[in-house]
Each structure stands twice: as structure tokens, then as C-alpha cells.
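Structure assessment
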Amino acid sequence: MFCVAIEGDENLKHMRDMSFIEELLKTKSILTLLNEKLESNAADIDVIEYSIATKMLEHKLAVLTSLNVSVDGDGDEKASFNIFGTDKSIVIDKAKLREAITIQDKPVVEKMANTEEAKTPELPNIPIDIPEEEFLAKAGEAIGELKKTSRKTLEKESFIKVFKYMGDFNKMKTRDLKKSAQTKR
């Protein structure tokens, strides 16, 4: 919809096209880097991170590809596109969309949300190169008493603490597994 809305402004069209090219180049460089790591049997390959990066790249490429798709029957009056994952589509009246959007020559002032709920607690980092028992003791100390809601689930702050230190513990355990797997390769 954004691409349709800015068709009348040459500067914005140029910026959109440059952004499109930049995203393609970024995607290509990430894929090249991941491929080089795989081919060199690098020890620092994290399968989960690789999987997440691959999925992210698939979605990014799907978006970039859809920007280049044209539909038979689309012209100066309308634009059509399919809704990903469904059997539905959207048809946009370009004239009404252009009428509804005003491009200004000045930025607007944006405000960040500043509520107490939006703040996440500062959690101390525990080094992952210490013995497992010491890590668990420090994590237990940093987590403190678990606070639960009336529905017997963890409160937000307790959940964040547990999740962070579980992730750090996982990194500690998988680091050694990666090294031994690499030496076996």
C-alpha cells in the first residue's frame, strides 16, 4: 500500500527503490556469510540462530518479491494483492488512497511509550565460562523468589528473569557441544 501511495512523488519512489535494492544486498550478504560458515565447518554455527535467520530471510524475500508482482487488470485506477496465508485478496482504489495520504515536507514528533510496564528489569550478566554449579547458584540468586499471579502463572518480571538465565545456561551448555561436534567433523 505504501508503494502505491507514493507513486506520485519521484523522491519517495527513488528512496523506495534504493531501499529495495539495499534490502536485497543485505539479504545476499547474510546468505553468503552463512554459506561460508557452513562450507568452512566453523565451530561458531548456532543451528537455532541459523534457522531463525533463514526464516527471517525467507519472509524478507517474500515481501521484496511481492513488491515486484503485478496483477492482470491493475492499472492507474486500482492495485490488487493477495493476503499471505489466506485465499483472500485486497483491491485498493489508488485515487482514494492518494487523496487520504498527505506527504509533508517536515517530520512529525514521535513519542516513545514511557510506562512502568514497558520497562524491563536490569538483570546482571553471569559469565558462561564458569562451572555449571556456580552458574546455577548465581542464577538462582539473581532470579530470587518466583512471584506468581492469581492464576498460578509467573509474573512478568519473574518470567523474564527465568527465561534470560535459561537462555544463558543453554548457551553455556551448547558451547561445549559445538566444540566437540566440530572436532568430530
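Let me sum up the structure you'll find in this document. (Residues numbered from 1 in each chain as written. Predicted model: local features only at pLDDT ≥ 70, side-chain atom pairs only at ≥ 80, totals over all residues. Heavy atoms only, no water.)

Peptide bonds are trans in most cases, and residues, glycine excluded, mostly fall at negative phi. Positive phi, normally seen in glycine, also occurs at Lys152, with a value near 65 degrees. Locating Lys152 in the fold gives a position in the loop between helix H5 (132–143) and helix H6 (156–184). Its relative accessible area of 68% is what places Lys152 among the exposed residues. (Helix = DSSP H or I, 4+ residues; strand = E, 2+ residues; numbered from the N terminus. Buried < 20%, exposed > 50% of the residue type's maximum accessible area, 1.4 Å probe, protein only.)

This part covers the nonpolar core. Most often, soluble globular proteins have nonpolar side chains that are buried together. Counting nine residues, the largest nonpolar core is built from Leu123, Ile126, Ile130, Phe135, Ala139, Ile143, Val162, Tyr165 and Met172. Of all elements in the fold, only H5 and H6 reach the threshold of two or more residues within this core. The residues contacting Ile143, other than those within four sequence positions of it, are Lys161, Val162 and Tyr165. (Core = buried A, V, L, I, M, F, W, Y, C linked by side-chain atoms within 4.5 Å. Contact = heavy atoms within 4.5 Å.)

As a further point, take the side chain of Asp168. Structurally, the position occupied by Asp168 is in helix H6. In contact with Asp168, not counting residues within four places along its chain, are Ile128 and Phe135.

Here we take up the pairing of strand S2 (residues 89–93). Two faces, one strand: in a regular strand the side chains alternate between the faces of the sheet. With five bridges joining them, strand S1 (residues 78–82) and S2 adopt antiparallel strand pairing. Bridge pairing in S2 places Asn82 opposite Ser89. (Pairing = 2+ DSSP bridges.)

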